[in-house]
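Here's the letter readout for the chains.
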Amino acid sequence: MNVSDTEIVNSILMEEGMQPVNEPEEAEVIFINTCSIRENAEERVWNRLKEFKALKRERKDRDMTVGVLGCMAERIREQIMEKEELVDLVVGPDAYRDLPKLLSDVDDGQKAANTILSLEETYADIKPVRRNDNGVSAFVTIMRGCDNMCAFCVVPFTRGRERSRTAESIIEELQELSDQGYKEVTLLGQNVNSYDDGEHSFADLMYKASQVDPEMRIRFSSPHPKDFPEELLEIIAEQPNLCNYIHIPAQSGNNEVLERMRRPYTREQYLELVEKMREIIPGVTLSTDIITGFCGETEEEHEDTMSLMAKVKYDLAYMFAYSERGRTLAQRKYEDDVPEDVKKRRLSEIIEQQMNIQEELNKKEIGRRHLVLVEGTSKRSDEQLCGRTDTNKMVVFDREEHIEKGDYVEVTITDCTSATLMGDLIKKSSIQEYSRETVAA
Ligand code: 5AD
Ligand code: SF4
């Protein structure tokens, strides 16, 4: 989400005639787009600010403006303004349109801030400037904010109320991305299946998105397990360019913990949903988010999370130790009483189990055929290319002259680790060709 927001900020600033540079040393204005989701995300920002302070001291000759954007700006505006004399401006996630004015206030020698949250702002009319992507995959924000109020989560406080961008403006952006040669778009929101622009549901939007370009893959992140309509699953199953991969955050496998977390589903309902997904979309891969050591979590409750994960067998999991955040229900109502070393131990247990599951699942991939969208050169070797399957697994294979990034290729999986598949190239292909072949087979 922050990557996507930065692309909006780029656009607003470039409209004003500002130009991006590659190194902080060259910059006159430095913005740091911040995250508050866990304490360690905020710590990284404080450290980065220290680096900028040193930089500012080194180059006394030229002025340098430093701004803090995003969730931390919202959460601890006063603290940043007072403690960090370095910081000239603080701007929350709904106030980026105000950046040019705030920058001119700073030029006049004032400190400037806008952390007002909005009920409407979706930046729908602003064309993101994508500078750091690979030219193949892009993010498109479809909604902002969140109304769910999970007990552990700071997002509703830093990003405000839920609001959806119109389907029309989203489809227009998808068309432009397709014209520019992008082959994969991830639709983003804190809670995408609550998408509602007054006329379209998320399922409607996904269907419309699938029709823009049959050779453009569509992914999304993140949905909430509480409302996942069958209709959406059917649309994903039917449309070859809607990817068969779903991120479905469970957070915990124990009903009491889920209740304390204010997650309005039970373990049983969650497992039913997983079953339904696998039934309607054969071969679908799943990933999840897990929090370990939430307030009051007992050893048995932790075991329930372990057993849920063992039962579902996720292809990927983002696993975190609980980090208490100000203003959240958990902070006001519960004690953060699981000792740090216990949180860490439980986290390592779920990570270790998950790595074994991933390796086991990846081994089953050996011998299977996949359609891979080539993203570029593999990190490990210039002689190899890499890209993802429809099911979001990274595949590495030997480079061949006629294959370029942005191409679809068919590969046979030959080997794997817990994180990557290795494959042999069969031939260049396309979504339409591949889906005709698999239907015929
Ligand atoms: N502590 C740890 N993890 C958190 N997340 C959200 N809030 C917290 C917190 N206070 C995790 C959740 C969410 C993901 C984006 O971050 O798992 O799904
Ligand atoms: Fe946070 Fe819950 Fe909203 Fe996700 S759904 S952003 S975890 S409040």
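For clarity, every value in this text was computed on a predicted model and none was experimentally measured.

## Here we look at empty space enclosed by the protein
- Inspection of the entire model under this criterion finds 1 cavity of 30 Å³ or more.
- One number sums up the size of the largest cavity: a volume of about 90 Å³.
- Lining the largest cavity are 15 residues, and of these Ile8, Pro128, Thr141, Arg165 and Glu173 lie nearest its centre.
- If you list the elements that add at least two residues to the lining of the largest cavity, you get α1 (2-15) and β5 (137-141).
- For the lining of the largest cavity, a count of residues per class yields 7 nonpolar, 3 polar and 5 charged.

## Let's talk about the domain arrangement of the chain
- Assigned domains within the chain: domain 1 (2-114), domain 2 (137-363) and domain 3 (369-440).
- Look at where the C-alpha atoms of domain 2 and domain 3 centre, and you get two points 26 Å apart.
- Every contact between the two is made by 22 residues of domain 2 and, on the other side, 22 residues of domain 3.
- Summed over both sides, the interface between domain 2 and domain 3 buries roughly 1700 Å², with carbon and sulfur atoms accounting for 48% of that surface.
- Per-residue buried area on domain 2 facing domain 3 is highest for Glu215, Arg217 and Asn362; these three make up 40% of the total on that side.
- If you look at where domain 2 meets domain 3, you find 1 salt bridge.
- A salt bridge links Lys393 to Asp315; its shortest N-O distance comes to 2.8 Å.
- Summed over the shared surface of domain 2 and domain 3, the result is 16 residue pairs in polar contact (both at pLDDT 80 or more).
- With 6 residues, helix α14 (residues 340-365) is the single largest residue contributor to the side of domain 2 that touches domain 3.
- Its residues assigned to classes, the side of domain 2 that touches domain 3 shows 8 nonpolar, 6 polar and 8 charged.

## What about the site of ligand 1?
- Lining the immediate surroundings of ligand 1 are Ile37, Arg38, Phe152, Gln251, Asp289, Ile291, Phe320, Ala321, Tyr322, Ser323 and Arg325.
- Phe152 places a main-chain nitrogen or oxygen 3.0 Å from a nitrogen atom of ligand 1.
- About the coverage of ligand 1: the protein hides 86% of its 410 Å² of free accessible area.
- Elements that contribute at least two residues to the shell around ligand 1 include exactly β11 (285-292) and β12 (316-321).

## With respect to unusual backbone geometry
- In this structure, the amide linkage connecting Ser221 to the following residue, Ser222, adopts the cis form with an omega of -15°.
- For Ser222, the position within the fold is in the loop between β9 (217-221) and α9 (230-238).
- In this structure, Met149 is a non-glycine residue whose phi angle is positive, near 55°.
- Topologically, Met149 is positioned in the loop between β6 (143-144) and α6 (155-158).
- Backbone geometry at Asn392 places phi at a positive 75°, although glycine is not the residue there.

## Remarks on helix α7 (residues 167-179)
- Compared with an ideal rise of 1.5 Å per residue, which puts 13 residues at 18 Å, α7 spans 18 Å between its outermost C-alpha atoms and is within 8% of the ideal.
- All of the buried residues in α7 are Ala167, Ser169, Ile170, Glu173, Leu174, Leu177 and Ser178.
- Count one or two residues on from α7 and you reach Gly181, which has phi positive near 95°.

Conventions used here
- Residues numbered from 1 in each chain as written.
- Chains lettered and ligands numbered in written order.
- Predicted model: local features only at pLDDT ≥ 70, side-chain atom pairs only at ≥ 80, totals over all residues.
- Heavy atoms only, no water.
- 1 Å grid on protein atoms, 1.4 Å probe; cavity = no way out; pocket = protein on both sides within 12 Å on 5 of 7 lines; lining within 4 Å.
- Points joined across faces, edges and corners; volume = space filled by probe spheres on them.
- Helix = DSSP H or I, 4+ residues; strand = E, 2+ residues; numbered from the N terminus.
- Nonpolar A, V, L, I, M, F, W, Y, C, P; charged D, E, K, R; others polar.
- Domains from an automatic or database assignment.
- Contact = heavy atoms within 4.5 Å.
- Buried area = accessible area lost by both parts, 1.4 Å probe.
- Salt bridge = Lys/Arg side-chain N within 4 Å of Asp/Glu carboxyl O.
- Polar contact = N/O pair within 3.5 Å; in protein donor to acceptor, adjacent residues only side chain to side chain.
- Near = heavy atom within 4 Å.
- Areas by Shrake-Rupley, 256 points an atom, 1.4 Å probe, with all protein chains shown as cover.
- Expected span 1.5 Å × (residues − 1).
- Buried < 20%, exposed > 50% of the residue type's maximum accessible area, 1.4 Å probe, protein only.

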